[in-house]
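Analysis of the macromolecular model
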Amino acid sequence: MMKIIPAIDIIDGKCVRLSKGDYSTKKIYNENPVEVAKEFESFGIRYLHLVDLDGAKSKHIVNQKVLEDIAGSTSLEIDFGGGLKTQKDIEKAFNAGAKQITLGSIAVQNPEFCFNAIRKYGPEKVILGADCENRKIKTSGWQEESDRDIIDFILSYQEQGIQSTICTDIAKDGMLEGPSTGLYIEILYKTSVQLTASGGISDIKDVYKMKDIGCSGTIIGKALYEGKISLQQLQNFIENA
């Protein structure tokens, strides 16, 4: 069964969305992320993708309190990312209630640190964040580009035991124009990771498409907040699956 994973992105403690990772496009959808998370849970949602955008920019956890509040107020299984650059930050995230952590920028900048995290916590606790534009991995809240190709990058971590990856095609993120189906098919064909698709989901048909190609999860953000997909539709998907 494919996981349905709504996203909550946090800036200044508020639930926001960006377009293509551009902080200047910030739109606030709710000033109380806990309320949002509780509503997700009331419709049968079990998973949450929580991103500390302030943390991603400042390179350390900023919105730990939001994670604590959501984890303390719901039973959602939270994967948390943004600003996880040190062992201390990782411990903070797990202690605050994260079920899993997503390592993105640091996976490019300091691979050995991430390999150690996989060994220390186990591959079931660590997700590889593989965010790309034109196939090149981007870092630091998508502000910086590396020269790493998306497939090569995932394969290098697969060799180190990583089992799950979240892939966002930044060009699609927040644009409501459909996901990068071709790229996801290539990843599924050339690697053996459990792939969670992220970015561009525009309607419930896209969700079914991600299931059909073999994704293990789909992250849904702006389509949910803009009413392109309803929580009732997601509940129906979960129940029918």
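Residues numbered from 1 in each chain as written. Predicted model: local features only at pLDDT ≥ 70, side-chain atom pairs only at ≥ 80, totals over all residues. Heavy atoms only, no water.

1. Points about the pairing of strand S10 (residues 164-169)
- With respect to burial, S10 is a largely interior element, six of its six residues being buried.
- The two faces of S10 match: Ser-164, Ile-166 and Thr-168 on one face and Thr-165, Cys-167 and Asp-169 on the other face are all buried.
- As judged from the five bridges shared by strand S7 (residues 126-133) and S10, these two strands associate in the parallel manner. For Asp-131, the partnering residue across the bridge sits in S10 and is Thr-168.
- Sheet topology places S10 next to strand S11 (residues 194-198); five bridges connect them, and they run parallel. (Buried < 20%, exposed > 50% of the residue type's maximum accessible area, 1.4 Å probe, protein only. Helix = DSSP H or I, 4+ residues; strand = E, 2+ residues; numbered from the N terminus. Pairing = 2+ DSSP bridges.)

2. Remarks on the side chain of Thr-218
- Position of Thr-218 relative to the elements: it lies in strand S12 (residues 217-220).
- Setting aside residues up to four positions removed in sequence, Thr-218 forms contacts with Met-2, Lys-3, Ile-4, Ile-5, Thr-196, Ala-197, Ile-201 and Met-210. (Contact = heavy atoms within 4.5 Å.)

3. As for the pairing of strand S2 (residues 14-19)
- Most of S2 sits inside the fold, with five of its six residues counted as buried.
- Joining the antiparallel neighbours strand S1 (residues 3-11) and S2 is a turn of two residues, in which Asp-12 adopts a positive phi near 55°.
- The pairing of S2 with strand S3 (residues 22-30) spans four bridges and is classified as antiparallel. By the bridge assignment, Ser-19 is partnered in S3 with Asp-22.

4. Section: the packing of helix H9 (residues 204-213) against helix H11 (residues 231-240)
- Relative orientation of the contacting elements H9 and H11 amounts to 30°, with a least axis distance of 11 Å. Comparing their axes, H11 and H9 come out roughly parallel. At the point where H9 passes H11, the crossing takes the right-handed sense. When H9 is examined against H11, the residues Ile-204, Val-207, Tyr-208 and Lys-211 are found in contact with a partner set consisting of Gln-233, Leu-234, Phe-237 and Asn-240.
- A breakdown of the residues in the contact of H9 with H11 according to their chemical character gives five nonpolar, two polar and one charged. (Axes fitted to C-alpha atoms, helices over the stretch in contact; angles between N-to-C directions. Parallel < 35°, antiparallel > 145°, perpendicular 65-115°, else oblique. Left-handed = near helix turned anticlockwise from the far one by under 90°. Nonpolar A, V, L, I, M, F, W, Y, C, P; charged D, E, K, R; others polar.)

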